[in-house]
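Breakdown of the fold
Here are the chains, one letter per residue:
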Amino acid sequence: MENDYNWLALAAGNSRLHWGWFKHHTLIDTWDTSHILNTVKPRQLPQLFFPPNLIKQGLFDVPVYLASVVTHQTDCWQNYSKLNLINLQDIQLTNLYPTIGIDRALAVWGAIATYHQACLVIDGGTALTFTGVDERGKLIGGAILPGLRSQLLTLKHKTAALPEIELPHSLPLRWALDTDTAIASGILYTAISGIHDYILDWLHQFPSSQVIFTGGDGELLLRSLHQQFPNLATKAIVDFHLIFEGIRLVYAQKNL
C-alpha cells in the first residue's frame, strides 16, 4: 500500500512543533504549528495540525518519528500506536554527552550526512546554539545562550519601562536615538559579534568546514552577519532541513 511509505518526522521544540512529511526517504513538505494540548489517540493523528494537502492524502494513521526536548509534548504522544521516539542511542555520532539536546544532535548528524565535511551548526531558535562536529562524525562541542526572541521577552518581563519590539529584517543603526532601535541594536550587534567570534575560532580549527544557520532566526542572523562581516558570511549558508535529515537517518537505520 502507498501509505506504507508515508511517515511523519516531528521535532518538538521549546516554542513550536516542526513537522516533516516523508515518502520513504523523500521529504515532501514541512510546516510549523503550535504545541499539542491533548493526548493523541492510539490510531488517529491530530488533523488540526496538518496542512490541506496532507489531509487530502488521508494519512491519519502513519508512523511518527518524534524528537522532543519538551516533556509535556512527548507525553502527548505516549498512546499513539505508531510512535517511534528518538533518543541519543539512535544517533550515529561519537563523543555525545548524555544531556545534549536531541535536536542539536540530530541537526549536526544531518549536516555531516548532507555536506560530507566538518560542520558548525548555528541554530537561531528559542536558544541560540552552536554545535560543531568533525568530518568523522565526532562531536567537538558547542555553546548555548538565549535566542533573539528570548532576549526580547526577558527585557519585556524583567524591566518596567522597556517595550516588546519586533526585530528589523536587517541590522539597525548601532547608535540609536529611540528605545525600539536601541533594543534591536543591542541584541543584534552583540549576537552577531559573538557569532563572528565562534565562526572564526571554528574555522581556525577546521578550515575545510561548512557553517550552517538553521532555526527560525537563521536567515536574519546570516543576513546580519553578511552586513557586518561580508567576507566571513560567504562561508555560511542557511539550511532549515538539517533536523529532518537527521530524523530521516534514524528512519533509514530502522527500515533497512
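Residues numbered from 1 in each chain as written. Predicted model: local features only at pLDDT ≥ 70, side-chain atom pairs only at ≥ 80, totals over all residues. Heavy atoms only, no water.

**Re the packing of helix H4 (residues 148–158) against helix H5 (residues 179–205)**
- Running from amino to carboxyl end, H4 crosses H5 at an angle of 145°, the nearest separation of the two axes being 11 Å. Seen along the crossing, H4 lies across H5 with a hand that is right-handed. Only Ile183, Ile187, Leu188 and Ala191 of H5 make contact with H4, whose side of the interface consists of Leu148, Gln151, Leu152 and Leu155.
- When grouped by side-chain class, the residues that make up the contact of H4 with H5 number seven nonpolar, one polar and no charged. (Axes fitted to C-alpha atoms, helices over the stretch in contact; angles between N-to-C directions. Helix = DSSP H or I, 4+ residues; strand = E, 2+ residues; numbered from the N terminus. Left-handed = near helix turned anticlockwise from the far one by under 90°. Contact = heavy atoms within 4.5 Å. Nonpolar A, V, L, I, M, F, W, Y, C, P; charged D, E, K, R; others polar.)

**As for H5**
- Helix length check: H5, at 27 residues, gives a terminal C-alpha distance of 40 Å against a target of 39 Å (1.5 Å per residue), a fit within 8%.
- N-capping of H5 is provided by aspartate 178, with a side-chain oxygen placed 3.3 Å from the backbone N of aspartate 180. (Expected span 1.5 Å × (residues − 1). Polar contact = N/O pair within 3.5 Å; in protein donor to acceptor, adjacent residues only side chain to side chain.)

**Brief notes about the nonpolar core**
- In this structure, Ile122, Leu148, Ile195, Ile199, Val211, Phe213 and Leu225 are the most contacted members of the largest nonpolar core, which totals 32 residues.
- Looking at this core, the elements with two or more residues in it are strand S6 (118–124), strand S7 (127–133), H4, H5, strand S9 (209–214), helix H6 (218–228) and helix H7 (230–233).
- Of the residues forming this core, the biggest block, eleven residues, is contributed by H5.
- When residues no more than four places from it in sequence are discounted, the contact partners of phenylalanine 213 are Ile122, Ile195, Ile199, Gly218, Leu221, Leu222, Leu225, Ala236, Ile237, Val238 and Asp239.
- Trp7, Leu106, Leu242 and Ile247 belong to the second-largest nonpolar core, a separate cluster that totals 31 residues. (Core = buried A, V, L, I, M, F, W, Y, C linked by side-chain atoms within 4.5 Å. Buried < 20%, exposed > 50% of the residue type's maximum accessible area, 1.4 Å probe, protein only.)

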